[in-house]
Each structure stands twice: as structure tokens, then as C-alpha cells.
Amino acid sequence: MRAVTAVFRERVVDLDAVSANVARLRELVGTPHAMAVVKADAYGHGAVECARAALAGGADWLGVAEISEGLALREAGITAPVLAWLHDPDDDFADAVRADLDLGISSGVQLEAAAAAATGDRPVFVQLKIETGLSRNGVPESEWDAVVARARELEVAGLVRVRGVFSHLSNASPEDDRAAIAAFERALDRASAAGLDPELRHIAASAAALSLPESRFDLVRLGIAVYGLSPFGRESAVELGLRPAMTLRGRVAAVRRVPAGTGVSYDYTYRTEKETTLVLVPLGYAEGIPRHASNRGPVAIGGRTFRISGRVAMDQFVVDVGDLDVAVGDEVVLFGDPAVGVPGADDWAEAADTINYEIVTRLGGRLRRSYTGGGR
């Protein structure tokens, strides 16, 4: 009788891998502080569980995009420092202040809103986001002087405390990133001239933290690398000493033997070349499987790797496994740790003409998420 090792459809997250990856990254970058970024539900891996695992691995800060994500960490009992940096114009900063979240501030308007949320004798902790060339959020150079001067006034008044100054890099090229770092250093000089003395200066995410030492400053923001995936196209996770934390798998839902010339899935973009066996896998674009990977996405079945046959549908896709002996209930692995002989998220990124970040973050729908490690 065949052993059943998977549920119908699930993503399994190895929390020990998350902790080990953070420890490895801290060893590589050597900064006084390291932030594990757990925004977007920890890139699809589970924010609360991965936050705890990252802290166990040596992270001493957590990063989220939205205040609501930070509040969820607090509600789960996580007390580590948290920075939230992307705000709705109507966000209530008072909730963040009560939860002891640091606020990333990208404009003078946000700075005033943060100061207005101060209560009692405790200032609101803010970190000023500086625009250095990415053309997203952040205080533009034309407003640096006014914003840092006002921030200092609010510090003196006891309403805010500027704990950090930060920015973000484009990763377009080393030259572009160095130009952004130079702009960042100019902003730091202006902040210092205004009387600000931030304890944290940070501009590097995973890619720059690993490849551009001059970008490291006091803290690095570690995102995709925490989850064991490389931020580069040129260097693999294995070469970086990282282990992919997520395995996406399911079970064969149906098996049929068909003759040559059989059309498969919508539009018949795949037809069998000979008599063969087709297996049905119950994951589709409702779970975040990219339709762009039709006829290209790799899957491991019975110790071998095959490609999806035909279109990815909403709930399912089909794989032509030739003469392989496959039964209903057998395990199918879409991606996991290539070291154990299965495809990786990078293979799926290539198949869908995207990046590994999107492959893991887009997953959802009816997928169950389970965990191993982390003291379980």
C-alpha cells in the first residue's frame, strides 16, 4: 500500500530553515542590527510563525508594510521592535503608537500626523524614509531640509523621536545603487546638521546586503533571503548557504490512460504524442499557480520531474507522465528544496517569466499551510 505524505493541496513551511537562514545572513553581513521583513504574510510563508523563527535565528527587528500587519504581530504576543512604512492617507497612527510600532515617515504630512498621535510623556518613534532614486515613497531631496528641521522641532517638543533614517535601492546596477547611497549619505548629513541623531541608518534589502558592503550601515532589511530564496539571478540560494523554507505539494486526484492524439485541458495547447498516462493535480490559478506556466511549470512525481501538460485551469492542471506507475493519492511536489531532487521556486519563476518573490507570495486560495520545526 502506498504511503500518503501530503494532503490534497498544501504549502509546508520549515521554520528551522527560516531560523538557519537568518543566522547565516547575519554571519554574512555582520551589521549590528538585522530586520526580518515579514510583510505580505511573510512572502506567503506566515507572518507570525516566521517572525518568531526569524527572531530565534538572530533578527532583532521586524519589518512590515502596513500598520495592520504590525498590529497582528503584537496581537500574537510578539514584542520585538517593528517598523511599518506604507500608510493609507486615513491610517490612524494612534493605533500604531499604542502598539509600540515605529512609523516609517515619507512626507511632512505624515510627520505631522505622527506627532499628533503622541500621548502622555512618551514620543512617537519614527524613521524618516528618504527618496534616493527609486521614485516611490519617501521625502524628495527638495524637501529634505524642511522635513528634518521640523522633525528636530518635534523632537525638542517631546512629540517624536527620530529613531532611524532609511531608503531603498533599485538593484538596477552597482553604479545606480552607489549613486543612491551617495544621495542617502547627503540626506544623513542634512539630518545631522539639523540636530537629529538617529540610531539606525538603513538602505539595503537582501540583494544589496549580500553584494554591496557599503550599503549595510547599521541595519539591513532581509526579505526574500530569509525564506531561503536568492535575490539574484546570478547566485543561487545553495551558493549563499540558504535553504528554501517552503514546499508546495498536493496529491494526484485522478489518473487516466489515453491514446495518442488526445487533447489536454483548455484550448488543446497540448496533445499526447503516443499512448500515455495523464494525472490530474488539484492546484490551479485560484491557489496562485501562474497560468503563464502552462506547458512549462515543473512538477515532481514518483521521483521524476515532468512539465505541466496544457493550460493551468482555475482548480487543476494535468501532467503527462508517460508510462510511470502513478496512483490516485500519490504525492506531487511543485517546488521545494532542489537539494532533495524537486523543482525550486526559481524554476517556477523561470517558467512563468517572473521572479521567485512573486511565486511564493501569490499563493493562497484553498491551500492549507502547515509548519515543521520551530520547536514543534
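Residues numbered from 1 in each chain as written. Predicted model: local features only at pLDDT ≥ 70, side-chain atom pairs only at ≥ 80, totals over all residues. Heavy atoms only, no water.

**Looking at the pairing of strand E15 (residues 298–301)**
For a regular strand, side chains alternate in direction, first toward one face of the sheet and then toward the other.
Here is step 1: Because side chains alternate across E15, one face comprises the buried residues Pro298 and Ala300, and the other comprises Val299 and Ile301, equally buried.
Here is step 2: Note: E15 against strand E16 (residues 304–307), four bridges, orientation antiparallel. Residue Ala300 lies in a different strand from E16, and its bridge partner there is Thr305.
Here is step 3: Hairpin geometry of E15 and E16 is characterised by an intervening segment of two residues between the two adjacent antiparallel strands and by a positive phi of about 60 degrees at Gly302.
Here is step 4: Of the strand pairs in this sheet, E15 and strand E18 (residues 331–335) are connected by two bridges, and their pairing is antiparallel. Bridged to Ala300 within E18 is Val333. (Buried < 20%, exposed > 50% of the residue type's maximum accessible area, 1.4 Å probe, protein only. Helix = DSSP H or I, 4+ residues; strand = E, 2+ residues; numbered from the N terminus. Pairing = 2+ DSSP bridges.)

**What about the environment of Gly108?**
Here is step 1: With respect to the helices and strands, the residue Gly108 is situated in helix H6 (residues 108–116).
Here is step 2: Linking Gly108 and Asn356, residues 248 residues apart in sequence, is a C-alpha distance of 35 Å.

**Some words on the nonpolar core**
Here is step 1: Counting residues in hydrophobic clusters, the biggest one holds 120 residues, and the most contacted among them are Leu73, Ile301, Phe317, Leu334 and Phe335.
Here is step 2: With seven residues, the top contributor of residues to this core is helix H8 (residues 174–193).
Here is step 3: Those residues in contact with Phe335 that lie beyond four places of it in its chain are Met246, Thr247, Leu248, Pro343, Gly344, Ala345, Trp348, Ile359, Val360 and Leu363. (Core = buried A, V, L, I, M, F, W, Y, C linked by side-chain atoms within 4.5 Å. Contact = heavy atoms within 4.5 Å.)

**Considering helix H7 (residues 144–156)**
Here is step 1: Relative to the 18 Å expected for 13 residues at 1.5 Å per residue, H7 spans 18 Å between its end C-alpha atoms, a close match to the ideal helical length.
Here is step 2: Those residues of H7 that sit buried are Trp144, Val147, Val148, Ala151, Leu154 and Glu155. Viewed end-on, H7 has its buried residues packed into an arc of 120 degrees, placing them on one side of the element. Seen from the open side of H7, the exposed residues pointing more than 90 degrees away from its buried face are Ala146 and Val156.
Here is step 3: Positive phi shows up at Gly158, right after H7, with a value of about 80 degrees. (Expected span 1.5 Å × (residues − 1). Arc of directions from axis to C-beta.)

**Points about the sheet that holds strand E14 (residues 276–281)**
Sheets are built from strands that pair by backbone hydrogen bonding, the pairs being arranged parallel or antiparallel.
Here is step 1: Taking strand neighbours across the sheet as the criterion, the three strands line up as E11-E14-E17 in an open arrangement whose pairing is antiparallel. Each end of this open sheet is capped by a strand with a single partner; those strands are strand E11 (254–258) and strand E17 (317–322). On average, each strand axis in the sheet is inclined to that of its neighbour by 25 degrees, with strand direction left out of account.
Here is step 2: Here E11 runs beside E14; their pairing, made up of five bridges, is antiparallel. Residue Ala254 lies in a different strand from E14, and its bridge partner there is Leu280. (Axes fitted to C-alpha atoms, helices over the stretch in contact; angles between N-to-C directions.)

**As for the packing of H7 against H8**
Here is step 1: The N-to-C vectors of H7 and H8 enclose an angle of 40 degrees; their axes lie 9 Å apart at closest approach. When the axes of H7 and H8 are compared, the pair comes out oblique. Crossing of H7 against H8: the hand is right-handed. Contacts between H7 and H8 involve Trp144, Asp145 and Val148 from the first element and Ala183, Arg186, Ala187, Arg190 and Ala191 from the second.
Here is step 2: Considering only residue class, the contact of H7 with H8 consists of five nonpolar, no polar and three charged. (Parallel < 35°, antiparallel > 145°, perpendicular 65-115°, else oblique. Left-handed = near helix turned anticlockwise from the far one by under 90°. Nonpolar A, V, L, I, M, F, W, Y, C, P; charged D, E, K, R; others polar.)

**Overview of helix H1 (residues 15–29)**
Each α-helix winds once per 3.6 residues, and so residues spaced three or four apart point in a common direction.
Here is step 1: A rise of 1.5 Å per residue sets the reference length of H1, with its 15 residues, at 21 Å; its end C-alpha atoms lie 21 Å apart and thus fit the reference within 8%.
Here is step 2: Those residues of H1 that fall on the buried side of the exposure criterion are Leu15, Ala17, Val18, Ser19, Asn21, Val22, Leu25 and Val29.
Here is step 3: In the core, the buried residues of H1 are packed alongside strand E1 (9–14), helix H3 (47–56), helix H9 (206–211), strand E9 (219–222) and strand E19 (368–372).
Here is step 4: Trailing H1 by a residue or two, Gly30 shows a phi angle of about 65 degrees, which is positive.

**Brief notes about the sheet that holds strand E10 (residues 246–251)**
Here is step 1: Spatial ordering of the open sheet is given by E16-E15-E18-E10-E1-E19, a layout of six strands whose pairing is mixed. Looking along the sheet, the strands with just one partner apiece sit at the ends: E16 and E19. Across the sheet, the mean angle from the axis of one strand to that of its neighbour is 30 degrees, orientation sign disregarded.
Here is step 2: As paired elements, E10 and E18 share four bridges and run antiparallel to each other. Bridge pairing in E18 links Arg249 to Val333.
Here is step 3: Against the sheet, H1 contacts E1 and E19, and its axis sits at roughly 40 degrees relative to E1.

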